[in-house]
Amino acid sequence: MSDSITVHLSRDEALVLFEFFARFDQDNQFRLRNNSEFVAFMKIAGQLEKTLSEPFQENYFDLLARAQANLAVGDAALAPGVEPKGNK
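About the thresholds
- Residues numbered from 1 in each chain as written.
- Predicted model: local features only at pLDDT ≥ 70, side-chain atom pairs only at ≥ 80, totals over all residues.
- Heavy atoms only, no water.
- Helix = DSSP H or I, 4+ residues; strand = E, 2+ residues; numbered from the N terminus.
- Rg over C-alpha atoms; globule rule 2.2 N^0.38 Å.
- Buried < 20%, exposed > 50% of the residue type's maximum accessible area, 1.4 Å probe, protein only.
- Contact = heavy atoms within 4.5 Å.
- Areas by Shrake-Rupley, 256 points an atom, 1.4 Å probe, with all protein chains shown as cover.
- Axes fitted to C-alpha atoms, helices over the stretch in contact; angles between N-to-C directions.
- Parallel < 35°, antiparallel > 145°, perpendicular 65-115°, else oblique.
- Nonpolar A, V, L, I, M, F, W, Y, C, P; charged D, E, K, R; others polar.

## Notes on the overall build of the protein chain
- Helix and strand content of the protein chain: 3 helices and 0 strands.
- Counting from the amino terminus, helix and strand elements in the protein chain follow one another as α-α-α.
- Taking 12 Å as the expected radius of gyration for a compact globule of 88 residues, we find that the protein chain reaches 15 Å, considerably beyond that expectation.
- When its C-alpha atoms are laid out on the principal axes, the protein chain stretches across 35 × 30 × 25 Å.
- Buried residues in the protein chain amount to 11% of all 88 residues.
- Of the contacts formed within the protein chain by residues at least 6 apart in sequence, a portion of 42% connects residues at least 24 apart.
- When the accessible surface of the protein chain is split by element, carbon and sulfur atoms take 56% of a total near 7,700 Å².

The structure is reproduced here in structure tokens:
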């Protein structure tokens, strides 16, 4: 299995997401302010759904936990916008 996948975005989607992440970097609030942001995120979600097989595997939650641990190595503190476990 390949370690990488490709996600395709239009320039409009890329620009909208760039602004979203720039705003998040400035104010640490991970909130949508325009329907276009939702559309861009859903396009990515749709591509991931078509590409990934892991969500349909029996050990999905183990795979997810491993992926989360791999990506968070060295980042013990909560990132901006991340809620502590147990907060919902």
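After presenting the structure, the write-up continues.
## Here we look at the packing of helix H1 (residues 11-27) against helix H2 (residues 35-51)
- Interhelical geometry of H1 versus H2 gives an angle of 110° and a closest axis separation of 9 Å. It follows from the interaxial angle that H1 and H2 lie roughly perpendicular. Counting all contacts with H1, which are made through Glu13, Val16, Leu17, Phe20, Phe21 and Arg23, the residues of H2 involved are Ser36, Glu37, Ala40, Phe41, Lys43 and Ile44.
- Across the contact of H1 with H2, the residue classes break down as 7 nonpolar, 1 polar and 4 charged.

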